[in-house]
Structures are given as C-alpha cells and as structure tokens.
Amino acid sequence: MAEEMGTEALANGEDTTPQAGVLSQYVKDLSFENPNAPGVYQWQGQPQIDVQFNIGSNQLADDAYEVILKIEVKATAADKTAFQVELAYAGLFALRNIPEDQLQPFLLAEAPRILFPFARRVLADAVRDGGFPPLMLEPIDFGQLYVSQAEQTDALAFATPAGEA
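In this report, the structure presented in the accompanying data block is examined. (Residues numbered from 1 in each chain as written. Predicted model: local features only at pLDDT ≥ 70, side-chain atom pairs only at ≥ 80, totals over all residues. Heavy atoms only, no water.)

Turning our eyes to something else, we now look at the nonpolar core. In this structure, Ile71 and Phe83 are the most contacted members of the largest nonpolar core, which totals 29 residues. Contributions of two or more residues to this core are made by β3 (64–77), β4 (80–96) and α1 (100–129). Considering each element in turn, this core owes the most residues, 11 residues, to α1. Excluding residues within four positions of it along the chain, phenylalanine 83 makes contact with Phe32, Glu33, Ile49, Val73, Lys74, Ala75, Val127 and Phe132. (Core = buried A, V, L, I, M, F, W, Y, C linked by side-chain atoms within 4.5 Å. Buried < 20%, exposed > 50% of the residue type's maximum accessible area, 1.4 Å probe, protein only. Helix = DSSP H or I, 4+ residues; strand = E, 2+ residues; numbered from the N terminus. Contact = heavy atoms within 4.5 Å.)

Here it is in structure tokens:
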C-alpha cells in the first residue's frame, strides 16, 4: 500500500504531496459608474475601452492564501466617460506542501487563471446591468504575464548596481 503512494509519503505516514484547492470565491469590491446617463445612450460610435488589472495575494494562515484579481475598465467616447467599472474578485486557496519556489507562480499565475472566468462574468453582468452591451474580456495568459514580469524584475535587478537599489 505504501508503495502505491509513491515516494512522496514518508515512513511516519506524513503525506508531503503538494495539494491546492479553492475554498471560496467572492466579490470583494464592485463599483459601477455611469456618470453621463441618460445622455450616454444617445451617443454614436464605439467607445474606447481601457482595461487594467492587478493581482495581489495575502497569506491568511499557514495553509490559506487570499488571491485578489483587480480589474478596472473605463469606456470613453468623445472625451467623456461612458462607464467605469472596478472589480476586486478574490479567491481563498488552501495550499499544502507547495515548494517555496512554486508558491509565487501559483499565487500570481495559476490562481488568477482559475478566478478570471468568474470575474469576467461579474464584469459582463455589471456592464449589461448598467445599460450597455455585456463586456466580454478576452482570456488572459496569466502564466506568460508572470514569466514576463519575473524577467523584467530580474533584468532590473541585474542592471542596478549593488547599493543603489
């Protein structure tokens, strides 16, 4: 039986297999502004859409982490705001036996990948409920963004002489 569990189980019965699970997902903060209503519904042409996002994480307990995906969208037309929406969508993750070098990639790439479809739906519903066509954001490759950000950080650290940081 112990042979079937592989090399991850120790002789004393302690399981060291890495485990990750979603405990909960929730809207932490949501704001929708429609400052030019009802006139905005008379405007002609497509608005310019600006999307910004940020990812943060907090350790809540030994094995529990909160990951927050913040998305801000601003739609403008003729130099006026059509709508603005800000969403902080969070997930509570249980992580056990995750190697230290894999913790940040999970929290800043994999966890947001899991949360994004749900955050995207909340945004689409909020925009639709504000009287506009639903905003369907394109999928985001959080893994590639994490790698790019890590490379930029490494390049900046390499380019900065010691003592000047």
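As enumerated under the stated definition, the model contains 6 salt bridges in all. Its salt-bridge partner being lysine 28, residue glutamate 66 comes within 2.9 Å of it at the nearest N-O pair. Linking glutamate 66 in strand β3 with lysine 28 in strand β1 (residues 19–33), this pair joins segments that are 38 residues apart in sequence. Of the charged contacts in the structure, one is a salt bridge between aspartate 125 and arginine 128, with a shortest N-O distance of 3.2 Å. On the criterion of helical spacing, the pair formed by aspartate 125 and arginine 128 is a turn pair, its members being 3 residues apart in helix α1. Residue aspartate 125 is classed as partly exposed on the basis of its relative accessible area of 24%. Each of Arg121, Asp125, Arg128 and Asp129 takes part in a single network of salt bridges with overlapping partners. (Salt bridge = Lys/Arg side-chain N within 4 Å of Asp/Glu carboxyl O.)

Honestly, it's all geometry; don't read function into it.
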